Amino acid sequence: MQGSLDCRGQLYGQLNAYIHILYAFNTEFEAATMWTPKLEKSSGPLYLAIADAIAADIASGHLAPGARLPPQRSLAQALGLDFTTVTRAYQEAGRRGLVDGRVGQGTFVRSASPVQRTAAVGFVDMSMNLPPIPEDDRVAQRMWESLGKLHGPEMTRLMLRYQEPGGALRDRQAGARWLQGWLPGVEIERLLVAPGAQGALSAIVATLVHRGDVILTEPLTYPGFISLAAHFGIRLVAMEMDEAGPIPHALERLIATLQPKALYCTPTLHNPTTRSWTLARREEIAALAGKTGLPLIEDDAYGALPLAPLPPLASLATGPVYHVASVSKSLSPALRLAYLVAPDAGAALRLAGALRGTTAMASPLTATLATEWIESGLAFEFLDVLRGEARERQQLVGTLLPRETVEADREGFHAWLKLPDGWSRGEFISRLRNMGVSAVSSDTFAISAPPEAVRLSLGGAVTREELARSLAMISALLSDRPAMTSLIV
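Residues numbered from 1 in each chain as written. Predicted model: local features only at pLDDT ≥ 70, side-chain atom pairs only at ≥ 80, totals over all residues. Heavy atoms only, no water.

**With respect to the overall build of the protein**
Logical step 1: Helices and strands together make up the secondary structure of the protein, namely 16 helices and 17 strands.
Logical step 2: Expressed as a percentage of its 489 residues, the buried residues of the protein come to 48%.
Logical step 3: Across the protein, the fraction of contacts at a sequence separation of at least 24, relative to all contacts at a separation of at least 6, is 74%. (Helix = DSSP H or I, 4+ residues; strand = E, 2+ residues; numbered from the N terminus. Buried < 20%, exposed > 50% of the residue type's maximum accessible area, 1.4 Å probe, protein only. Contact = heavy atoms within 4.5 Å.)

**Comments concerning the nonpolar core**
Logical step 1: Ranked by size, the top nonpolar core spans 36 residues in total, and within it W178, L179, L331, L335, L337 and Y339 carry the most contacts.
Logical step 2: Looking at this core, the elements that each hand over two or more residues are α5 (138-145), α7 (169-179), β4 (191-194), β12 (338-341), α13 (364-376) and α14 (378-400).
Logical step 3: Ranked by residue count, the leading element in this core is α14, at 6 residues.
Logical step 4: Counting residues in each nonpolar core, the second largest holds 30 residues, with A203, I297, Y322 and A348 among its members. (Core = buried A, V, L, I, M, F, W, Y, C linked by side-chain atoms within 4.5 Å.)

**Focus: the packing of α13 against α14**
Logical step 1: Between α13 and α14, the shortest axis-to-axis distance is 4 Å and the interhelical angle comes to 80°. In terms of axis orientation, α13 runs roughly perpendicular to α14. Here α13 contributes W373, I374 and S376 to the contact with α14, which in turn contributes L378, A379 and F380.
Logical step 2: Residues of the contact of α13 with α14, tallied by class, amount to 5 nonpolar, 1 polar and no charged. (Axes fitted to C-alpha atoms, helices over the stretch in contact; angles between N-to-C directions. Parallel < 35°, antiparallel > 145°, perpendicular 65-115°, else oblique. Nonpolar A, V, L, I, M, F, W, Y, C, P; charged D, E, K, R; others polar.)

**Looking at the pairing of strand β6 (residues 235-238)**
Logical step 1: Note: strand β5 (residues 214-217) against β6, 4 bridges, orientation parallel. Each bridged residue has a counterpart across the sheet, and for L216 the counterpart in β6 is V237.
Logical step 2: The β-α-β motif built from β5, the intervening helix α9 (residues 223-232) and the parallel element β6 has right-handed crossover chirality. (Pairing = 2+ DSSP bridges. Right-handed = clockwise from strand over helix to strand, strands pointing away.)

**Some remarks on the pairing of strand β2 (residues 106-109)**
Consecutive residues of a regular strand have side chains that alternate between opposite faces of the sheet.
Logical step 1: The pairing of strand β1 (residues 99-102) with β2 spans 4 bridges and is classified as antiparallel. Its bridge partner being in β2, G101 is matched across the sheet by T107.
Logical step 2: The loop that links β1 with its antiparallel partner β2 comprises 3 residues; one of these, G104, has a positive phi angle of about 80°.

**What to know about the sheet that holds strand β13 (residues 406-408)**
Logical step 1: What the 4 strands build is an open sheet, ordered β13-β14-β17-β16; its pairing is antiparallel. Every interior strand has two partners, whereas the edge strands, β13 and β16 (440-441), have only one.
Logical step 2: Of the strand pairs in this sheet, strand β14 (residues 414-418) and strand β17 (residues 453-457) are connected by 5 bridges, and their pairing is antiparallel. Counted as the bridge partner of H414 is S457 from β17.

**A word on the pattern of salt bridges**
Logical step 1: Considering all chains together, one arrives at 17 salt bridges under this definition.
Logical step 2: With a shortest N-O distance of 2.6 Å, E187 and R190 are connected by a salt bridge.
Logical step 3: Owing to a relative accessible area of 37%, E187 belongs among the partly exposed residues under this scheme.
Logical step 4: Across the salt bridge formed by R425 and D443, the nearest N and O atoms sit 2.5 Å from each other. (Salt bridge = Lys/Arg side-chain N within 4 Å of Asp/Glu carboxyl O.)

**Some details on the confidence of the model for the protein**
Logical step 1: Of all residues in the protein, 85% have pLDDT values of 70 or greater, and the mean over the chain is 86.
Logical step 2: In this model, residues 113-121 is a region of pLDDT below 50 whose contacts with residues beyond four sequence positions or in other chains number 14 contacts.
Logical step 3: The model gives residues 484-489 a pLDDT under 50, and that stretch makes 6 contacts with residues more than four places away or in other chains. (pLDDT = per-residue confidence, 0-100.)

**Some thoughts on the packing of aromatic side chains**
Logical step 1: Tallied over the entire structure, the rule returns 5 aromatic pairs.
Logical step 2: Seen in terms of ring centroids, W423 and F428 are 5.3 Å apart; in terms of plane orientation they differ by 90°. Their pairing is edge-to-face. F428 carries the same exposure label as W423, and that label is buried.
Logical step 3: Geometry around F83 places R73 over its ring, the cationic atom sitting 4.3 Å from the centre.
Logical step 4: The cationic tip of R88 hangs over the ring face of Y47; the distance from NZ or CZ to the ring centre is 3.9 Å. (Phe/Tyr/Trp six-rings, centres within 6.5 Å; stacked < 30°, edge-to-face > 60°. Lys NZ or Arg CZ within 6 Å of the ring centre and 35° of its normal.)

**What about α14?**
Owing to its 3.6 residues per turn, the α-helix brings residues three or four apart onto one side.
Logical step 1: The end-to-end C-alpha distance of α14 is 33 Å, a good match for the 33 Å that 23 residues give at a rise of 1.5 Å each.
Logical step 2: Those residues of α14 that fall on the buried side of the exposure criterion are L378, A379, F382, L383, L386, R387, G388, E389, A390, R393, Q394 and V397.
Logical step 3: Those residues of α14 that are buried lie in contact with α5, α7, α13, β13, β14 and α16 (464-479). (Expected span 1.5 Å × (residues − 1).)

**Quick word on the side chain of S328**
Logical step 1: Within the secondary structure, S328 is located in the loop between β11 (321-326) and β12.
Logical step 2: On the basis of relative accessibility, which here comes to 8%, the residue S328 falls in the buried class.
Logical step 3: At 3.4 Å, the side chain of S328 forms a polar contact with the side chain of R336.
Logical step 4: Dropping the residues within four chain positions of it, S328 is found in contact with P131, P333 and R336. (Polar contact = N/O pair within 3.5 Å; in protein donor to acceptor, adjacent residues only side chain to side chain.)

**Things to note about helix α11 (residues 279-292)**
Logical step 1: Under the 1.5 Å per step criterion, the end-to-end length of α11 is 20 Å for 14 residues, consistent within 8% with the ideal 20 Å.
Logical step 2: Looking at α11, one finds that the buried residues are R281, R282, I285, A286, L288 and A289. Each buried residue of α11 lies within a common arc of 165° when the element is viewed along its axis, so the set occupies one face.
Logical step 3: Buried-residue contacts for α11 involve β7 (241-242), β8 (245-246), α10 (248-258) and β10 (296-299).
Logical step 4: One or two steps after α11, the chain reaches G293, where phi turns positive at roughly 75°. (Arc of directions from axis to C-beta.)

Set out below in structure tokens:
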């Protein structure tokens, strides 16, 4: 009897050991094969980053419909996060319609809806307003080949010496030639080479404004300037606008009441609405600024794009105008270069001092490359190709998006989507992101109450076909019934 018990005890011991081995194996296998989100570094909450990763992996096909997500506690342990963070992430994914929770079974990826099935393969970024990549890349290829010309003793001196904070003479001369198409006759002593539009705007603000001062802007304006104002402690106040531009009599009242230090604006192909001020309104605002002595900061990022451009404020105003012409939207964002035209030579000297104190100088290598492209004519050839690509993409917008919902200009490469009744911008952005497309809501640009609208960049899609698929998906989503945003799961 005792031998039988001993034998049975040995068997139980062996079985228990096998169970532990099998459990350990299963645990290691589950850890090795478990879906784990790739979390990008972000200033936002981690639970939203996990929900975004679920959406991205569903869009890319990495998480198939019906796939079971890891248990919340297991994922929390794998990521080194609190259990509640993962719980909130799964709840957010459920709120977006990405997953279903089944009692006693787990959390599963939902089957694709008819709208989701129209999504393009991969993630399409329509948030950053990039120049589109032309279908014909021959000119771009020649621009790359021009890098081979940057050698010799002159380039050695360039690499081993600091440059003037406002740019070398040759680079400033090239800048004047580039601006000739819409701002002719710029004197070299008024022109500076700055490290991008943000560097130029920082120098202007540093010379004109003090903490607590007011700058007038359009109600929707460039997010980089909003950040700059916050950094300098400047108050931004929105002007009253109509279809033609700022309303002169309302602007005059603001000037008298607030005594602003400057007016910041984008009169051509406005970001994000795509509108351009009319010639008559430009003349009115230029005259008013001259009468009141109000400095104008003209952000002309898109000024090179129109074939028949309207005169910029810098060519109309009798008062001080600071004209900033970045090449990010017309040549390449990678150059990080802008041509800054000051009202006079004295202002240019003050701006050069501000550039020296903040950024020291624009990169001599990128400035030399831009100069090479301008002097050889490649920059102008590429601009023509870019204009043609923008027109082709704007034609897709006109064909695929409902006419009543969209504002666009055939010479730009972004569109302003005004959402139909029932849609909130947050819900639309979230649903769109779940389907593999990112866009930017009006909140990003708003100085006052934001409208229910989003900006679509047409240059983020690599090809026209990819853009067409994304626009078709947006059109399908517009016709879909908005989700109930108050539903808690």
